Amino acid sequence: DAVFEIDQVSVNYGNFTALRNVSFDILRNEVTALIGPSGCGKSTLLRCLNRMNDLIPGASVGGEIRFNGESIYESDIDPAEVRRRIGMVFQRPNPFQMSIYDNIAFGPRLNGYRGNMDDLVEKSLRRAGLWDEVYKKLKESGTAISGGQQQRLCIARAIAVEPEVLLMDEPCSALDPIATLKIEDLIRELAGQFTIVIVTHNMQQAARVSDKTAFFSVEDGDGDRRAGELVEFA
Ligand code: ADP
Ligand code: ADP
């Protein structure tokens, strides 16, 4: 059961082709790692999955990406609606400048959530393995906790709106080894509940967390920048 069908996708920034002719499927409730050297287009491809990439001035996306069978680059698709169904976590933890509680409640409030917000906040923090560490300080700022806790808060914030997919762009590379292991464990726990796509340049991490790995490469040119390509998917 494919959540994303990536079909001959190429991405240009102006005249520069960052990614060429990439095709593979991302299966439901699996963890798929995108791996390869710096500059091979991993982040670029990740941003195509929620149509963030076409917000970059000069960026253009060719080919087709189907999300649940529906082509997301058709003119009648609202990119904001696509992004609501796809959560994203970035390299640098970026909690909002508001309380831990409000960080979690922010998305559900925007969506007009009608259930019990206290329960949803607790459940989301528990699912991110953070409740025991923060339940006494829900009114404190989301930016006052450790980096690893901030990243788990960002994951809790993303899952509070029950997205189908979580995109993670190098979610551990700003974290220490212990915080990294906690995030890796969390990714394995969330696998099966969400479809997760994670960008990493760390082979061991890809092996630890992912069901499938897409390997990208970019040729070293003679000074010219080259396009990244998918070399293997297994
Ligand atoms: P990776 O995530 O694998 O490091 P990126 O997707 O960030 O690779 O970048 C792929 C290529 O596209 C690189 O050559 C990078 O410099 C280029 N690139 C990325 N973002 C932009 C942008 N906004 N404008 C122009 N070039 C970009
Ligand atoms: P990463 O390798 O972690 O993706 P980069 O340092 O390559 O990070 O890129 C950081 C940001 O700068 C990204 O948003 C990327 O799109 C943008 N970027 C990368 N390369 C270029 C470029 N050549 N021109 C403009 N923006 C770029």
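Residues numbered from 1 in each chain as written. Chains lettered and ligands numbered in written order. Predicted model: local features only at pLDDT ≥ 70, side-chain atom pairs only at ≥ 80, totals over all residues. Heavy atoms only, no water.

*Asks:* Break down unusual backbone geometry for me, citing the residues and quoting the values.
*Replies:* Here the phi dihedral of N29 falls at roughly 60°; this positive angle occurs in a residue that is not glycine. By secondary structure assignment, the location of N29 is in the loop between β2 (16–27) and β3 (31–35). Overall, the relative accessible area of 31% leaves N29 in the partly exposed class. Unusually for a residue other than glycine, R51 sits at a positive phi of about 60°. For R51, the location among the structural elements is in the loop between α1 (42–49) and β4 (59–67). (Helix = DSSP H or I, 4+ residues; strand = E, 2+ residues; numbered from the N terminus. Buried < 20%, exposed > 50% of the residue type's maximum accessible area, 1.4 Å probe, protein only.)

*Asks:* Explain the side chain of R51 to me, using residue names and the numbers behind them.
*Replies:* Taking relative accessible area as the criterion, R51 reaches 10% and is therefore assigned buried. Among the polar contacts listed, one links the side chain of R51 to the backbone oxygen of I72, at a separation of 2.9 Å. Among residues more than four places away in sequence, those in contact with R51 are I72, Y73, E74, I77, P79 and R83. (Polar contact = N/O pair within 3.5 Å; in protein donor to acceptor, adjacent residues only side chain to side chain. Contact = heavy atoms within 4.5 Å.)

*Asks:* Describe the confidence of the model for the protein, listing the residues and the values that go with them.
*Replies:* On average, the protein scores 95 in pLDDT, and the residues at 70 or more come to 98%. Confidence estimates for the predicted assembly give a pTM of 0.93 and an ipTM of 0.81. (pLDDT = per-residue confidence, 0-100.)

*Asks:* Lay out the packing of aromatic side chains with the relevant residues and their values.
*Replies:* Under the criterion given, the structure shown has 5 aromatic pairs. Taking the centre distance of 4.8 Å and the plane angle of 55° together, the rings of F96 and F106 count as tilted. Of the two residues, F96 is situated in the loop between β6 (86–89) and α3 (100–110) and F106 in helix α3; the sequence distance between them amounts to 10 residues. Measuring from ring centre to ring centre gives 5.8 Å for W131 and Y135, while their planes differ by 25°; the resulting arrangement is stacked. Of the residues examined, Y135 reaches a relative accessible area of 40% and is grouped as partly exposed. Taken together through their ring pairs, the aromatic side chains of F24, F216 and F233 make up a single cluster. (Phe/Tyr/Trp six-rings, centres within 6.5 Å; stacked < 30°, edge-to-face > 60°.)

*Asks:* Now, about the pattern of salt bridges: what can you tell me, with residues and values included?
*Replies:* Charged atoms that come close allow side chains of opposite charge to pair. One pass over the structure, following the stated rule, counts 16 salt bridges. A salt bridge links D7 to R66; the shortest N-O distance between them is 3.6 Å. Here the residue D7 occupies a position in strand β1 (residues 2–13), and R66 occupies one in strand β4, the gap between them amounting to 59 residues. Here R66 falls in the buried class, since its relative accessible area comes to 18%. Here R127 and E162 are joined by a salt bridge, their closest N and O atoms 2.9 Å apart. Remark: E162 occurs in the loop between α6 (147–159) and β7 (165–169) and R127 occurs in helix α4 (residues 117–127); sequence separation between them is 35 residues. Each of D1, R28, R85 and E164 takes part in salt bridges that share partners, so that together they form one network. (Salt bridge = Lys/Arg side-chain N within 4 Å of Asp/Glu carboxyl O.)

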